[in-house]
Amino acid sequence: MSDLVMVMPYRAFVIKAREEGHRICAVWDPTLQTPDYLAGIADLADAFVLTDFSDPVAFDRTVRQAVRDFDPDFVYHIGAEESMLATYRIAEDLGKAVNPARSIELLNDKLQLRRLLAEHDLSPVRFAHAARWQDVPALLDGFEPPVVVKPTELAGSRGVYLLREPGQVAEWGALLDSYGYAGPVLVEEYLRGPEYSVESLSDHGRHQVVGVTRKVLGPPPLFVEAGHVHPAQAGPDTEAMAELTIEMLRLTGYQTGPAHTEIIWTAAGPRIVESQARLGGDQIPRLVQLATGLDIERAVFRILDGKAPGTVERRAVAHISYFSLTPGEVRAVSGVEEARALDYVDMLEFPFRPGDRIPETVDWRTRHGFVVVTGETEEQAVARARHVHSLVRAEVGEPVGAVAAGAGVTP
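Cut-offs applied
Residue positions are given per chain, counted from 1 along the sequence in the order it is written. Since the coordinates come from a predicted model, pLDDT governs what is reported: local features require at least 70, and pairs of side-chain atoms require 80 or more to be given and counted, while whole-chain, interface and lining totals use all residues. Excluded from the side-chain calculations are hydrogens and water; all other atoms, namely the structure's heavy atoms, are used. Strands pair, by our definition, only if DSSP identifies at least two bridges between them. Helix and strand assignments come from DSSP, with helices taken as H or I runs of at least 4 residues and strands as E runs of at least 2, each series counted from the N terminus. Every axis in this analysis is a line fitted to C-alpha atoms, fitted for helices over the stretch in contact. Angles between the N-to-C directions lie between 0 and 180 degrees. Pairs of residues are marked as contacts when any of their non-hydrogen atoms sit within 4.5 Å. Relative accessibility decides the category of a residue: with a 1.4 Å probe and only protein chains considered, values under 20% of the type maximum give buried, values over 50% give exposed, and everything between is partly exposed. Pairing of N or O atoms within 3.5 Å defines a polar contact, subject to two protein rules: one partner must be a possible hydrogen donor and the other a possible acceptor, and residues neighboring in sequence count only if both atoms are side-chain atoms. Note on aromatic pairs: the rings of Phe, Tyr and Trp (six-membered ring only in Trp) are paired at centre separations within 6.5 Å, and the planes decide the class, stacked below 30 degrees, edge-to-face beyond 60, tilted for the rest. Charges are assigned to positions over rings by a cutoff of 6 Å between ring centre and Lys NZ or Arg CZ, combined with an angular limit of 35 degrees from the ring normal.

Here we come to the sheet that holds strand S6 (residues 147-151). The strand order S5-S8-S6-S7 describes an open sheet built from four strands, whose pairing is antiparallel. Pairing within the sheet leaves two strands with one partner each, and these edge strands are strand S5 (127-130) and strand S7 (161-163). Pairwise comparison of adjacent strand axes, ignoring direction, gives a mean angle of 25 degrees for this sheet. Strand direction decides the pairing type here: S6 and S7, joined by three bridges, are antiparallel. When the sheet's bridge partners are listed, valine 147 is paired in S7 with leucine 163. Here helix H6 (residues 110-119) sits on the sheet in contact with S5, S6 and strand S8 (185-189), set at roughly 145 degrees to S5. Seen against the sheet, helix H7 (residues 169-178) touches S6, S7 and S8 and runs at an angle of roughly 25 degrees to S6.

Rendered as structure tokens:
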């Protein structure tokens, strides 16, 4: 059993860490969750501290004070990337790190990872970088359009954009400005092919691929995920993606914990898009558990306690599919409870009621709810999700767009 100072531990992490015997001091920013959510974390944790993650001095002081007060074995962070590197630098300085700070930097920073892969001629992708988005037009002559442009320091597909012509740079820049982002950016060759993510767990440098997830992407120019299927159909492709991920993790020096690595299978083979030193989002840990029986969140804390993470046994295929509704003001909602009652529906989140306004989807934060289903095969799981989409309806007045409910979820 270990005592942990955890920065930004989600509720499930605190519960499962405690159940595995760990004591937890939770460090949170009060602006990143609701007061009720944070009160729940405070009730669950052994100690609870609030600070401003955006203030480097206050953040450093708070984490160091938490270490002095709680005397943990480790300082750990598998939440959002924005505060992760700073946490690991503090942990490393105090001798409390689970992973080298450099490995976190290499995994989470898109430019650093591109440079590492290029240095070792692994998963070659043509790229260029600029200090700010306004400098991108000068880089485009070296690429054949379209190209993918992305911020190096944002997560969750925010700001990732398919640029078909230089005239779209200003539109993309406006999107970055809407996020308050003014940092470095990447220009990359457009990788064509189906997209996947590799879910892995590392235990003191031993890297295990838990499974490969197939992505369902929304329409360009944005790259917002519309769904995921776990596990992807096994074969030489998934084996090659697993091997590539393990080699990448070895090169970064990552030691212990989860990683979520995005890969596109191109005509030239697998190419890494990016990786993060955390669990996958979009309910992927739940998909893994439904499909294999492995609670990957719990497995993280078993590894920290020196235990085996658990076994992976194929049980089903799990699928999360996001609703794509017509933007506008909601007049009526139907079919939600009928869909929830289906025996193959594990979760259904539909956040809209009459009077609410459905936004246009531009990133993960503005998606329209989701359903998680299981099936014996991928085909059955996808068909079941489509049936749920046919049931769940939102009648919209003064529509902003013309996207029909259930559109954008074709596998």
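Once the structure has been displayed, the description carries forward.
Once that is clear, we can look at H6. Counting buried positions along H6 gives seven out of ten residues, so the element sits mostly inside the fold. Three or more residues of H6 are buried, namely Lys110, Leu111, Gln112, Leu113, Arg114, Leu116 and Leu117. Close packing links the buried residues of H6 with helix H5 (101-108), S5, S6, S8, helix H8 (236-252) and strand S13 (269-276). Looking at where H6 begins, the residue whose side-chain oxygen comes 2.9 Å from the main-chain nitrogen of leucine 111 is aspartate 109. Just downstream of H6 lies aspartate 121, where phi reads positive at about 50 degrees.

What follows deals with the packing of aromatic side chains. For the coordinates displayed, the defined rule picks out eight aromatic pairs. For the pair phenylalanine 53 and phenylalanine 59, a centre-to-centre distance of 5.2 Å together with 80 degrees between the ring planes defines the contact as edge-to-face. You'll find phenylalanine 53 and phenylalanine 59 in the same group, each marked buried. In this structure an aromatic cluster arises from ring pairing among Tyr10, Phe13, Trp28, Tyr37 and Phe301. Above the plane of the ring of tyrosine 179 lies arginine 158, whose end atom (NZ or CZ) is 5.8 Å from the centre. Here the guanidinium or amino end of arginine 367 rests over the ring plane of tyrosine 322, the centre of that ring lying 3.8 Å away.

Attention now moves to the sheet that holds strand S15 (residues 328-334). Strand order across the open sheet formed by three strands is S17-S15-S19, with antiparallel pairing between neighbours. Only two strands of the sheet have a single neighbouring strand rather than two, namely strand S17 (357-358) and strand S19 (393-397).

On to unusual backbone geometry. Put simply, proline 145 and proline 146 share a cis peptide bond, and its omega is 0 degrees. Along the polypeptide, proline 146 turns up in the loop between S5 and S6. Residue proline 231 is bonded to the preceding histidine 230 through a cis peptide linkage, with omega at -5 degrees. Structurally, proline 231 is set in the loop between strand S11 (225-230) and H8. In the Ramachandran plot, aspartate 282 falls in the positive-phi region, its phi being about 55 degrees despite a non-glycine side chain. Residue aspartate 282 is classed as buried on the basis of its relative accessible area, which comes to 17%. In this structure, glutamine 283 takes a positive phi of about 65 degrees despite not being glycine. Note on placement: glutamine 283 falls in the loop between S13 and helix H9 (284-292).

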